Amino acid sequence: MTTPVAYRPATAADVPSLHATWAEAFDDAHVVRLWSGDPGRLPRTFVAVQAGTVVAAVYYLPRRIRDAAGGVDLVGGVANVATRLRARGRGHVRRLLDLAVTAMAADGCAWSLLFTGTPGVYASSGYRPFALRYPAGRPAAATATAPPAGWTVRAEPGVDWAELAPVHAAFNADRPLSTVRDADDWRLRVPVWYSPPTELLVARHRGRVAGYLAAHWAPGRVRVVETAALPDRPDALPALFRAVARAAAARDVRHCVARLPADPAIDAALPFLLAAPAAEADTTGMVRPVHATPDHVAAVTAAPGAFHWPADYL
């Protein structure tokens with residue numbers, strides 16, 4: 001006789017089994033670390049429990065994300081989706097997503113967002129893929145040009161993350177699909193996602209942060225995963241991009257992925273980062289309407305300059 005499965009919100013008693021389920025599915029310690037930093041995590045974590053053991057889980061976190069019309073939507077961000085090997089192929093995730101979407105609707109979420117390498121798992125629950133396009137190619141030629149007078153550009157692994165918050169907010173004030181970060185994001189989420197081996201470069205004008213860039217270095221390649229600059233400091237992005245190009249030459253890096261949106265300031269500075277860029281795409285994003293119409297959600301993901309930064313992943 002098959003032991004019945006209960007589908008319900010998690011409780012404190014489920015936590016050890018829940019952690020074991022995630023440990024079986026994920027290599028990254030940040031899965032539990034980020035989840036543990038959410039005080040409302042248990043009611044928004046849905047579990048399939050069989051014989052007292054969590055065999056599958058789905059978690060969501062409400063996030064404030066900019067829409068295509070200059071407003072802000074409350075969005076249910078899905079993460080930490082996992083099923084134990086012995087319980088796969090039995091529809092547990094689909095049932096748990098049903099519970100999660102019902103809870104999102106009660107929370108007032110307009111739509112739901114997730115990133116995945118297995119889109120087929122979510123298609124039957126109403127999620128549809130979208131693509132984020134960005135340039136990549138050979139790094140630009142290194143130059144010995146120093147930053148203009150009053151500027152410094154250097155790696156700052158010990159930066160006070162709160163210093164970057166107003167720069168991010170100004171740079172993304174009208175960017176569809178970007179997250180409106182709060183103090184907790186800068187305290188926990190951003191430092192986790194942009195910890196070593198990701199390197200943080202900070203551009204300062206007379207000591208004040210005017211721009212920053214996060215880059216992940218690997219043998220033979222570099223991936224720029226976020227940048228931002230104050231709108232009234234147009235020299236910040238070229239200075240940051242030159243610094244990456246110089247470091248790429250010093251490390252014999254031949255390929256650079258600029259995971260950056262189409263943006264006038266970025267486009268103007270891009271020749272300092274890339275030579276002959278070609279388009280690449282991230283197709284791991286998926287969305288599902290909750291209270292919003294499908295047209296509203298499609299407009300967000302298709303809007304010019306729409307982008308979601310990796311530090312806002314769950």
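Computed from a prediction, not measured in an experiment: that's the story for all the values here.

A. Representation of the pattern of salt bridges within the structure. Under the definition given, this model contains 13 salt bridges. Across the pair Arg-63 and Asp-185 runs a salt bridge whose closest N-O atoms are separated by 2.8 Å. Placement of the pair is Arg-63 in strand β3 (residues 53–66) and Asp-185 in helix α6 (residues 183–193), with a sequence separation of 122 residues. For Arg-63, a relative accessible area of 7% translates into the label buried. Across the salt bridge formed by Glu-156 and Arg-204, the nearest N and O atoms sit 2.8 Å from each other. Taken as a pair, Glu-156 in the loop between β7 (151–155) and α5 (165–171) and Arg-204 in strand β8 (residues 198–205) lie far apart in primary sequence, 48 residues in all. Like Glu-156, the residue Arg-204 is buried in the burial classification. Salt bridges linked by common partners bring Arg-63, Asp-185 and Arg-189 together as one network.

B. Region of the structure containing the packing of aromatic side chains. The final tally for this structure, using the stated rule, is six aromatic pairs. Plain terms: the ring middles of Tyr-122 and Tyr-127 are 6.2 Å apart, the flat faces sit at 75 degrees to each other, and that makes the pair edge-to-face. Geometry around Trp-35 places Arg-41 over its ring, the cationic atom sitting 5.2 Å from the centre. If you follow Arg-242 out to its NZ or CZ, it ends over the ring of Phe-272, 4.2 Å from the centre.

C. Highlighting the side chain of Arg-44. Looking at the secondary structure, you find Arg-44 in the loop between α2 (30–36) and β2 (45–50). Here Arg-44 falls in the buried class, since its relative accessible area comes to 13%. Only 2.9 Å separates the side chain of Arg-44 from the backbone oxygen of Tyr-60, close enough to count as a polar contact. With near-sequence residues (within four places) excluded, Arg-44 lies in contact with Asp-38, Val-58, Tyr-59, Tyr-60, Leu-61, Pro-62 and Asp-107.

Scoring rules and cut-offs
Residues numbered from 1 in each chain as written. Predicted model: local features only at pLDDT ≥ 70, side-chain atom pairs only at ≥ 80, totals over all residues. Heavy atoms only, no water. Salt bridge = Lys/Arg side-chain N within 4 Å of Asp/Glu carboxyl O. Helix = DSSP H or I, 4+ residues; strand = E, 2+ residues; numbered from the N terminus. Buried < 20%, exposed > 50% of the residue type's maximum accessible area, 1.4 Å probe, protein only. Phe/Tyr/Trp six-rings, centres within 6.5 Å; stacked < 30°, edge-to-face > 60°. Lys NZ or Arg CZ within 6 Å of the ring centre and 35° of its normal. Polar contact = N/O pair within 3.5 Å; in protein donor to acceptor, adjacent residues only side chain to side chain. Contact = heavy atoms within 4.5 Å.

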